[in-house]
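Structural overview for review
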Amino acid sequence: MRFRAAFMLAAVAALFAVSAPAAAASDYPVRSITLVVPYPAGGGVDSMARVVALKLSDALKQQVVVENRGGGGGTVGTKFVARAAPDGYTLLLGHTGTISINPALYTNLAIDPEKEFAPIGLVASMPVALLAHPSFEGKTVADLIKLAKDKPGALNIGTSAMGTGGYMAAELFKTVAGVDVAIIPYKGTAPVMNDLLGGHVPVAFGVLPPALGNIQAGKLRVVAVTSKKRFSLLPDVPTFDENGLPGFDAVLHYGVLAPAGTPKEIVDKLSVELRKLVATDEVKQRIHMEGGDPLASTPEEYAADIASEAQKWGGLVKKLGLKVE
């Protein structure tokens, strides 16, 4: 009798162990969700996260709270989410830098994004732009290449910190164009913009949102954007592909991820809602105003995108021998 009772208790416990996660997934969400931004407030990743959080809160009928966990070039917040409980209540607003560049760049990162995250879906893409001080004599990418080849090593190009989208775009330009230029990485976007505005560096690679006001005021000029298609907010600005470097592409991708092991039912539910909100005119407009273009996907498409971007940018990091301890 004791054996039979023990067996029955074990069977009941096993049944609850299997059914509890399924029930939790079907009821999801029952409380607020944290969307982690692995950078301080105010940047491009933070802006995208707040667009997503606001509309996802409405769709899920639970508050989605943005939490900034900056540090280590995005590695601190990324690690935090990778180690969080896989229950759908801690998510990451990831982008090309944290997911595809950092794993190759940081020697002690100890994270494999393709294994430690469950992709939910892409949200937006954002091109990097080649910005110039109005006094810079070059008007096109072809002009820039000619100037660099006429005076090897003399041209300084500003970027934000090593490993960021602007920095990697500059390195890709240097490699593809075959030019000898000095890439000057600054500690952040603000310092490089200040030096560009002051004419201390003639050109810089950077994302558009911090520069849009100065572009509209005529204090900065956009030579070209690094996307394959022209950027919707600046339709008169040519691409690198049109403007001297066919096939050149250096675009940052933004998306939402959960810790690996998150139930598929939760991932799929979030993905469906994410695709719905990215398709709305309101969110499209918000993304445009933040300097990006809407880019929706399924979890499987985002996983393929992560693998492709890691091969592209991680390969360039390794080729150049870039390392951050």
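What you see is a predicted model; the values in this text were computed from it and never measured. (Residues numbered from 1 in each chain as written. Predicted model: local features only at pLDDT ≥ 70, side-chain atom pairs only at ≥ 80, totals over all residues. Heavy atoms only, no water.)

**What about the overall build of the chain?**
Tallying secondary structure elements over the chain gives twelve helices and ten strands in all. With the C-alpha coordinates aligned to their principal axes, the bounding extent of the chain is approximately 95 × 40 × 30 Å. Residues classed as buried in the chain amount to 49% of the 325 residues present. Of the roughly 14,600 Å² that the chain leaves accessible, carbon and sulfur atoms contribute 57%. (Helix = DSSP H or I, 4+ residues; strand = E, 2+ residues; numbered from the N terminus. Buried < 20%, exposed > 50% of the residue type's maximum accessible area, 1.4 Å probe, protein only. Areas by Shrake-Rupley, 256 points an atom, 1.4 Å probe, with all protein chains shown as cover.)

**Observations regarding the pattern of salt bridges**
Evaluation of the coordinates by the stated rule reveals ten salt bridges. The partner of R31 in a salt bridge is D87, and the shortest N-O contact between them spans 3.5 Å. Here R31 is found in the loop between α1 (2-27) and β1 (33-37), whereas its partner D87 is found in the loop between α3 (75-82) and β3 (90-95), with 56 residues between them in sequence. Among the ionic pairs, K276 bridges to E273, the shortest N-O distance being 3.9 Å. Note that K276 and E273 are positioned in helix α10 (residues 264-278) at a spacing of three residues, about one turn of the helix. (Salt bridge = Lys/Arg side-chain N within 4 Å of Asp/Glu carboxyl O.)

**Focus on the packing of helix α4 (residues 96-105) against helix α12 (residues 299-320)**
Two elements in contact, α4 and α12, have axes separated by 8 Å at closest approach and are oriented at 40°. Here α4 lies oblique to α12, going by the angle between them. Here the hand of the crossing between α4 and α12 comes out right-handed. When α4 is examined against α12, the residues T96, I99, S100, I101, A104 and L105 are found in contact with a partner set consisting of I306, E309, A310, W313, G314, V317 and K318. (Axes fitted to C-alpha atoms, helices over the stretch in contact; angles between N-to-C directions. Parallel < 35°, antiparallel > 145°, perpendicular 65-115°, else oblique. Left-handed = near helix turned anticlockwise from the far one by under 90°. Contact = heavy atoms within 4.5 Å.)

**Description of helix α2 (residues 44-60)**
Taking 1.5 Å per residue as the helical rise, α2 with its 17 residues ought to reach 24 Å, and the 24 Å between its terminal C-alpha atoms agrees with that figure. Three or more residues of α2 are buried, namely V45, D46, S47, M48, A49, V51, V52, A53, L56, S57 and L60. Of the residues flanking the end of α2, it is K61, one or two places downstream, whose phi is positive at about 60°. (Expected span 1.5 Å × (residues − 1).)

**A few points about helix α11 (residues 281-289)**
Within the sequence span of α11, burial applies to V283, I287 and H288. In an axial view of α11, the angular spread of the buried residues amounts to 140°, which keeps them on one side of the axis. Those residues of α11 hidden inside the fold are in contact with α2, β4 (117-132), α10 and β10 (293-294). After α11 finishes, the residue G291 shows a positive phi value of roughly 95°. (Arc of directions from axis to C-beta.)

**Quick notes on the environment of P210**
Of note, P210 is situated in the loop between β7 (203-207) and α9 (212-216). With a relative accessible area of 40%, P210 lands in the partly exposed category. When the C-alpha positions of P210 and V251 are compared, they lie 16 Å apart, and in sequence the two are 41 residues distant.

**Focus: the packing of aromatic side chains**
Following the criterion strictly, the structure yields five aromatic pairs and no others. Through successive ring pairs, a cluster of aromatic residues spans F173, F205, F240 and F248. The side chain of R31 reaches across the aromatic face of Y89, ending 3.8 Å from its centre. (Phe/Tyr/Trp six-rings, centres within 6.5 Å; stacked < 30°, edge-to-face > 60°. Lys NZ or Arg CZ within 6 Å of the ring centre and 35° of its normal.)

**Some remarks on the confidence of the model for the chain**
On average, the chain scores 89 in pLDDT, and the residues at 70 or more come to 93%. Note on residues 5-10: pLDDT under 50 across the span, and zero contacts to partners over four residues away in sequence or across chains. A low-confidence stretch, residues 14-23 (pLDDT under 50), is modelled with two contacts involving residues beyond four sequence positions or located in other chains. (pLDDT = per-residue confidence, 0-100.)

**A few points about the pairing of strand β9 (residues 251-259)**
Counting buried residues along β9, nine of its nine residues qualify, which places the element largely inside the surrounding structure. Judged from the four bridges that link them, β3 and β9 form a sheet pairing that is antiparallel. Residue H95 lies in a different strand from β9, and its bridge partner there is Y254. Pairing of β4 with β9, which is carried by nine bridges, proceeds in the antiparallel orientation. Looking at β9, one finds that A118 is bridged to A258. (Pairing = 2+ DSSP bridges.)

**Topic: the environment of K115**
On the secondary structure map, K115 appears in helix α5 (residues 113-116). A relative accessible area of 66% places K115 in the exposed class. For K115 and A260, which are 145 residues apart along the polypeptide, the C-alpha to C-alpha distance reads 6.9 Å.

**Digging into unusual backbone geometry**
Here Y28 and P29 are connected by a cis peptide whose omega angle stands at -5°. For K61, which is not a glycine, the phi torsion comes out positive at approximately 60°.

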